[in-house]
Amino acid sequence: MLLDGGFVRKTGSGLFAYLPLGMLTLRNLYQLIRNTMHGLDGQEVILPFLNPRSLWEASGRDRLSASDLISVRTRDDQDLIINPSHEEAMIGLFKDMIHFTWQLPLFFYQVQGKGRDNTQASHGMFRAREFITADGFSVHKSFTELNNFIPRVFNAYRHLFLMCGLEPLIAEGASFHTGGDRSFDFIIKHRMGDYQVVMCESCNYLADQRVALGKSRISYSKPMPFTPQVNDQLSGLLDLSRQVGIPEGRIALCRLYAALDGLVMTVSRAVHEVSFEKIGKLIGDRIIAVLTAEECQEYGFDPVFLSPLGFDMDELRSNGVRIVVDDIVAETPNLVMGGNAPGAYCINTNFGRDFEGHYMGDITMVNEHNHCVHCDGQLKVVNAFELASINRLNDYYSRKLQLKVADEEGNTLHPLLGTYKIDVHRMLSAVAWLRQDRRGLLWPLNLAPYKAVLMVVGKSGALHKQADGLHQVMSELLLWDERPISFIQKIRDADRMGLPIRIVISSRTVRDGTVALMSRSGRAYQRIPLNRVKTTIL
């Protein structure tokens, strides 16, 4: 709709140019965001679009976000990154400015463009390679101070969305992987969304799939004798489900992952995917990526029939390998597991008797097999897009990047931080997607590039003189359609653009000194005096 309405033009995969109508709409959204931030005592700054890679190396995010980063090497051999977010750069600014607790709390924000190497750029402005966000960063001397500020931002964001005609859902977010402690995400459901959210329709539980909690049905039975098997025809353990009929819920799959501090082997049932977020929170580390088959072999592990069977736990730990067992695996008896050699597998493996782990806990992502932990209702997974987020970072980044302040007694402490993001591209896209009908867009008054479109029915000079006088007084509010085309075509184009109000001047209105005013829906019609037009539409 933004393309059809003349607001943006696509210039490449994931790249969009804003046209004059788009810029006016963007300017209105900027102003709403700035008003929101100033209401929170925010002060506006702007940070460089590029930052040295060394900043990202200091926080560790150069490895965690490697696939999203766009790098630039200058002629003098500087390695720079086009920022997909600005945590490191903002903390660098804070380090130069903040030295004492009496300077806190402090809240800075910016509205700026960013870039990421996005493989899903075909999803339009919802997944653009270049995008605009409004980023807020707050610094606090205590947990209480930070925790009291977050609800203020939460309420301010909800009000901002309502002013834009949006009522997003609010889900528990995933933040540990990128340094956070807790987060809230403002989302809209969308079949093309890149964000999977778990919903319970019975009690309205809502959470990012990476952190969502759910109950599993476990069939308890007596442990059976451990039985090794070999079948050279197997290409993987899931073949046993297809060929022999072993339920996938009884098959335990193992994967090897690279983390910031060594390797991690996970053990989970085949019916669930593991969550990097949950693994990281359990072991206190950040998962980077799953190892390829070649990388597994380089470390001496079978990539297909991998399992913890037969390994000495202390030796693995000393070699930098940690075994993490999902709690459902630990509770489920008589599982089928790989035998660490091609075609080898073992029947009736049981946690504690046949294998162990360095860590045990909930590490899998909830799906339709699970039930709600709050009401036992059936859970479902839907796609969504994230429009904004609130993240409580605590002191993770201030410790990583050595941000310190001194209190009244001269003691040094690491201040606590919160980050607050609004994806401007996505907000405009969400309004356009959710507020439309078969004729075109339906902009709310707060965002519309013009409050109204002015049209004249007839060709007499008196009509155009009145229209010109009205436009001169209200040029920033009115779009005067003077094109030599039919009135019907003008109506169709105005509907496609989504301007909220139509103002029509005709021979009848000129005679009695009024104008005809209609809403975009066409349901509200009124005749008002010329001198009341401005106060009526504002």
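First things first, this report covers the structure right here in the doc. If you're wondering where the values come from, they're calculated on a predicted model, not measured in any experiment. (Residues numbered from 1 in each chain as written. Predicted model: local features only at pLDDT ≥ 70, side-chain atom pairs only at ≥ 80, totals over all residues. Heavy atoms only, no water.)

A closer look at the overall build of the protein chain
Alright, step 1. Helix and strand counts for the protein chain stand at 16 helices and 31 strands.
Alright, step 2. Overall, the protein chain is about 100 × 65 × 50 Å in size when its C-alpha atoms are taken along their principal axes.
Alright, step 3. Considering only residue pairs separated by 6 or more positions, the protein chain has 70% of its internal contacts joining residues 24 or more positions apart.
Alright, step 4. Total accessible area computed for the protein chain in this model is approximately 24800 Å², and 50% of it derives from carbon and sulfur atoms. (Helix = DSSP H or I, 4+ residues; strand = E, 2+ residues; numbered from the N terminus. Contact = heavy atoms within 4.5 Å. Areas by Shrake-Rupley, 256 points an atom, 1.4 Å probe, with all protein chains shown as cover.)

Overview of empty space enclosed by the protein
Alright, step 1. The tally for this structure, following the rule as stated, stands at one cavity of 30 Å³ or more.
Alright, step 2. Size it by volume and the largest cavity reaches roughly 40 Å³.
Alright, step 3. Forming the walls of the largest cavity are Leu2, Phe7, Val8, Tyr18, Gly22, Thr25, Met125, Leu428 and Trp443. (1 Å grid on protein atoms, 1.4 Å probe; cavity = no way out; pocket = protein on both sides within 12 Å on 5 of 7 lines; lining within 4 Å. Points joined across faces, edges and corners; volume = space filled by probe spheres on them.)

Remarks on the packing of helix H1 (residues 20–39) against helix H12 (residues 424–434)
For any two helices packed against each other, one specifies the crossing angle of their axes together with the interaxial distance.
Alright, step 1. Where H1 contacts H12, the axes come no closer than 11 Å and their chain directions differ by 115°. Relative to H12, H1 is oriented roughly perpendicular. Handedness of the H1/H12 crossing: right-handed. Only Val424, Met427 and Leu428 of H12 make contact with H1, whose side of the interface consists of Thr25, Leu26, Leu29, Tyr30 and Ile33.
Alright, step 2. Tallied by class, the residues present in the contact of H1 with H12 amount to seven nonpolar, one polar and no charged. (Axes fitted to C-alpha atoms, helices over the stretch in contact; angles between N-to-C directions. Parallel < 35°, antiparallel > 145°, perpendicular 65-115°, else oblique. Left-handed = near helix turned anticlockwise from the far one by under 90°. Nonpolar A, V, L, I, M, F, W, Y, C, P; charged D, E, K, R; others polar.)

Some points on the sheet that holds strand S31 (residues 525–529)
Alright, step 1. Strand order in the open sheet formed by five strands is S28-S27-S29-S30-S31, and the pairing between neighbours is mixed. In this open sheet, the two strands that pair with only one neighbour each are strand S28 (478–480) and S31. Averaged over all pairs of adjacent strands, the angle between strand axes in this sheet comes to 30°, irrespective of strand direction.
Alright, step 2. On the sheet, helix H14 (residues 487–497) packs against strand S27 (452–456), S28 and strand S29 (501–505) and is oriented at approximately 175° with respect to S27. (Pairing = 2+ DSSP bridges.)

Regarding a nonpolar patch on the surface
Alright, step 1. The grouping of Phe49, Leu50 and Val72 at the surface amounts to a nonpolar patch, some 210 Å² of accessible area in total.
Alright, step 2. Along the chain, the position of Leu50 falls in strand S4 (residues 50–52). (Patch = residues over 30% accessible without salt bridge, like charges linked within 9 Å, V, L, I, M, F, W, Y side chains within 5 Å. Salt bridge = Lys/Arg side-chain N within 4 Å of Asp/Glu carboxyl O.)

Quick notes on the side chain of Asp62
Alright, step 1. With respect to the helices, strands and loops of the structure, Asp62 is situated in helix H3 (residues 61–64).
Alright, step 2. At 4.6 Å, Arg53 is the nearest oppositely charged side chain to Asp62, a buried residue that forms no salt bridge.
Alright, step 3. Apart from residues lying up to four places away in sequence, Asp62 is in contact with Arg53, Trp56, Glu57 and Leu69. (Buried < 20%, exposed > 50% of the residue type's maximum accessible area, 1.4 Å probe, protein only. Lys, Arg positive; Asp, Glu negative; His and termini not counted.)

Description of the pattern of salt bridges
Alright, step 1. Under the criterion given, the structure shown has 30 salt bridges.
Alright, step 2. Arg34 is the partner of Glu44 in a salt bridge, and the nearest nitrogen-oxygen pair spans 2.9 Å. Taken together, the positions of Glu44 in strand S3 (residues 43–44) and Arg34 in helix H1 put the pair 10 residues apart, joining distant regions of the chain.
Alright, step 3. Using a relative accessible area of 37% as the deciding quantity, one classes Glu44 as partly exposed.

Some words on the nonpolar core
Alright, step 1. In this structure, Ile33, Tyr157, Tyr420, Ile422 and Trp443 are the most contacted members of the largest nonpolar core, which totals 59 residues.
Alright, step 2. Looking at this core, the element that brings in the most residues is helix H5 (residues 143–163), giving nine residues. (Core = buried A, V, L, I, M, F, W, Y, C linked by side-chain atoms within 4.5 Å.)

Structural notes on the side chain of Asp239
Alright, step 1. As for its position among the elements, Asp239 is in helix H6 (residues 239–243).
Alright, step 2. Residue class for Asp239 comes out buried when judged on its relative accessible area of 7%.
Alright, step 3. There is a polar contact of 2.6 Å between the side chain of Asp239 and the side chain of Arg242.
Alright, step 4. When sequence neighbours within four positions are dropped, the list of residues in contact with Asp239 reads Gln233, Leu234 and Val244. (Polar contact = N/O pair within 3.5 Å; in protein donor to acceptor, adjacent residues only side chain to side chain.)

Quick look at the packing of H1 against H5
Alright, step 1. Put simply, H1 and H5 touch, their axes get as near as 10 Å, and they point 155° apart. Judged by the angle between their axes, H1 and H5 are roughly antiparallel. Our pair here, H1 against H5, has a crossing hand that is right-handed. Residues Leu32, Ile33, Thr36, Met37 and Gly39 of H1 pack against Arg152, Ala156, Tyr157, Leu160 and Met163 of H5.
Alright, step 2. Among the residues making up the contact of H1 with H5, the classes are represented as seven nonpolar, two polar and one charged.

Structural notes on the sheet that holds strand S5 (residues 70–73)
Alright, step 1. One open sheet holds the three strands; their spatial order is S4-S6-S5, and the pairing between them is antiparallel. Two strands in the sheet have a free side with no partner beyond their single neighbour: S4 and S5. Strand-to-strand twist in this sheet, taken as the mean axis angle between neighbours without regard to direction, amounts to 35°.
Alright, step 2. Note that S4 and strand S6 (residues 79–82) share three bridges and pair antiparallel. Residue Pro52 lies in a different strand from S6, and its bridge partner there is Leu80.

So yeah, pure geometry; function would need other evidence.
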